[in-house]
Amino acid sequence: MREVRASRGQDQSPSGIGTLGLSWAMLLTYVLAALELTCLFMQLSIMPYLSRRLGMDSVAFGYQQTIFGVLQLLGGPVFGRFADQRGARAAFTLSFLASSALYLLLAAACNPALPGVALLFASRLPGALMHTLPAAQMVITDLSAPEERPAALGRLGLCFGVGIIFGSLLGGTLSSTCGIQCPVIVALVISLLGAILSFTCIPTSTKGASARAQAALPGKPKASVFDLKAITCLLLQPGVLPVFLVKVICGFPSGLFMVMLSLISMDFFQLEAAQAGYLMSFFGVLQMVIQGLVIGWLSSRFSEGALLRASVLVFSVVGLAMALMANVFHFCLLMPGLVFSLCALNVVTDSMLTKAVSASDTGTMLGLCASVQPLTRTLGPTLGGLLYHSFGVPVFGHVQFAVNFLVLLVLWRQPMPPKMDKAW
């Protein structure tokens, strides 16, 4: 292990990152991810109330949510390619500046003297460049040894849990005590602080010397950030597309359910707003523990292929149980399995996919991975609403069981290439 880290430190030395610098850069990356996610959930906690205050109905609220999802879906791969070409410092700084622009427009929308609805829709536009989590994943991928990568990526789950818990609590508390504009202003200040920290403390590039040399081969034309052909060609590399399809297909049914969870909490579980907040806090705590601690422990003892198949198997079992649940207590019993499947699927597939491409393309690959969740948020409200109103809550469990069971059969019959996981 020491030899691996030493070799990585030597490879990174041209960019000015020593052994101590590696640890500092990774720690700062986790801190920046936690700050950005806290701001994001502060914003999400007040969006329904701000929309209602501006006179928007549920249809208009759905439109602005869809716009945000589409912009993130389109911006993810482009942002990832930008991160590969311009480096970690530029990527983090750009993401935090985009977040600052969003919160500035959102704060303006809270002012009664200004056209609030137009500013609210305009605040969705910077979302195309708000990708701090993929930037953090790229840095962790660049600075961690391959065998340590699942655990290192899993620790980002702690940041996600911190964002859910503290963001939701701060958003609700500040809006109720100081007004709905207060959480947005606090998020704006934190985002500007994040931009300053990124520009001054994050290394210019976290790529190794070999990756930078490959990206700057003599006679090789400089590729554009918007080269969609180069982005999609990554999916055609050996072993990439099967894992990416597993990531999309297996996560989509549970993503539909999570998109509809707020409505299900009101109608099916009969929860008040405060109780729904406690439910989301429980989800955040589970994600912190499972992704931040459990996944890292399991990845040191089992292969990535085994963990991937385990996540799909648990998805199937949880889906079957979801079809039978009748109240929120049943859902709380199922939530650890659901969170484990989501965390294991995301961490393992991200790790496998970054190992399947060259070091100079890890940011682009993670940008493609980051587009999976916005895809669900884009299609989810319409498709999930149609399924819910037509068949009720059990349909989400039936779909999750059927889809994941079929994928599990395929994985057992046709395992991934050895390149993806030698211990598969």
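In what follows, the structure referred to is the one given above.
Residues numbered from 1 in each chain as written. Predicted model: local features only at pLDDT ≥ 70, side-chain atom pairs only at ≥ 80, totals over all residues. Heavy atoms only, no water.

(A) Expanded view of the overall build of the protein. Within the protein, the secondary structure is distributed over 19 helices and 0 strands. Buried residues in the protein amount to 53% of all 424 residues. The long-range fraction of contacts in the protein, counting pairs at least 24 apart against all pairs at least 6 apart in sequence, stands at 86%. Roughly 18,600 Å² of accessible area belongs to the protein as shown, and the carbon and sulfur atoms make up 71% of that amount. (Helix = DSSP H or I, 4+ residues; strand = E, 2+ residues; numbered from the N terminus. Buried < 20%, exposed > 50% of the residue type's maximum accessible area, 1.4 Å probe, protein only. Contact = heavy atoms within 4.5 Å. Areas by Shrake-Rupley, 256 points an atom, 1.4 Å probe, with all protein chains shown as cover.)

(B) Summary view of a nonpolar patch on the surface. On the surface, Leu236, Leu241, Leu245 and Ile249 cluster together into a nonpolar patch covering about 360 Å² of accessible area. Assignment of secondary structure puts leucine 241 in helix H12 (residues 240-259). (Patch = residues over 30% accessible without salt bridge, like charges linked within 9 Å, V, L, I, M, F, W, Y side chains within 5 Å. Salt bridge = Lys/Arg side-chain N within 4 Å of Asp/Glu carboxyl O.)

(C) Molecular detail of the nonpolar core. Counting residues in hydrophobic clusters, the biggest one holds 111 residues, and the most contacted among them are Phe92, Tyr103, Phe257, Ile264, Phe331, Met365 and Phe396. Apart from the residues lying within four places of it in its own chain, the contact partners of isoleucine 264 are Phe257, Phe269, Tyr388, Val393 and Phe396. (Core = buried A, V, L, I, M, F, W, Y, C linked by side-chain atoms within 4.5 Å.)

(D) Up close: the pattern of salt bridges. Applying the stated rule across the entire model yields 2 salt bridges. Here aspartate 350 ties to lysine 247 by a salt bridge, and the two come within 2.9 Å at their closest N and O atoms. Of this pair, aspartate 350 sits in helix H16 (residues 328-356) while lysine 247 sits in helix H12, and the two are 103 residues apart along the sequence. Taking the shortest distance from any N to any O, the salt bridge between lysine 355 and glutamate 304 comes out at 2.9 Å.

(E) Region of interest: the packing of aromatic side chains. One pass over the structure, following the stated rule, counts 7 aromatic pairs. Measuring from ring centre to ring centre gives 5.6 Å for phenylalanine 401 and phenylalanine 405, while their planes differ by 20°; the resulting arrangement is stacked. In this pair, phenylalanine 401 and phenylalanine 405 are both assigned in helix H19 (residues 394-413), 4 residues apart and thus about one turn of the helix distant. What links up through ring pairs into an aromatic cluster is the set Phe257, Phe268, Phe269, Phe331 and Phe396. Lying across the ring of tryptophan 412, arginine 309 places its NZ or CZ 5.0 Å from the centre. (Phe/Tyr/Trp six-rings, centres within 6.5 Å; stacked < 30°, edge-to-face > 60°. Lys NZ or Arg CZ within 6 Å of the ring centre and 35° of its normal.)

(F) Representation of helix H6 (residues 132-143). With 12 residues, H6 extends 17 Å between its outermost C-alpha atoms, agreeing within 8% with the 16 Å of an ideal straight helix rising 1.5 Å per residue. Buried residues dominate H6, accounting for 11 of its 12 residues. Turning to H6, its buried residues number three or more, namely Thr132, Pro134, Ala135, Ala136, Gln137, Met138, Val139, Ile140, Thr141, Asp142 and Leu143. (Expected span 1.5 Å × (residues − 1).)

(G) Layout of H19. Taking 1.5 Å of rise per residue, the 20 residues of H19 would be expected to cover 28 Å, and the 29 Å separating its terminal C-alpha atoms lies within 8% of that figure. Within H19 the residues assigned to the buried category are Val395, Phe396, Gly397, Gln400, Asn404, Val407, Leu408 and Leu411. Among the structural elements, H12, helix H13 (261-267), helix H15 (304-322), H16 and helix H18 (372-391) are those in contact with the buried residues of H19.

So yeah, pure geometry; function would need other evidence.
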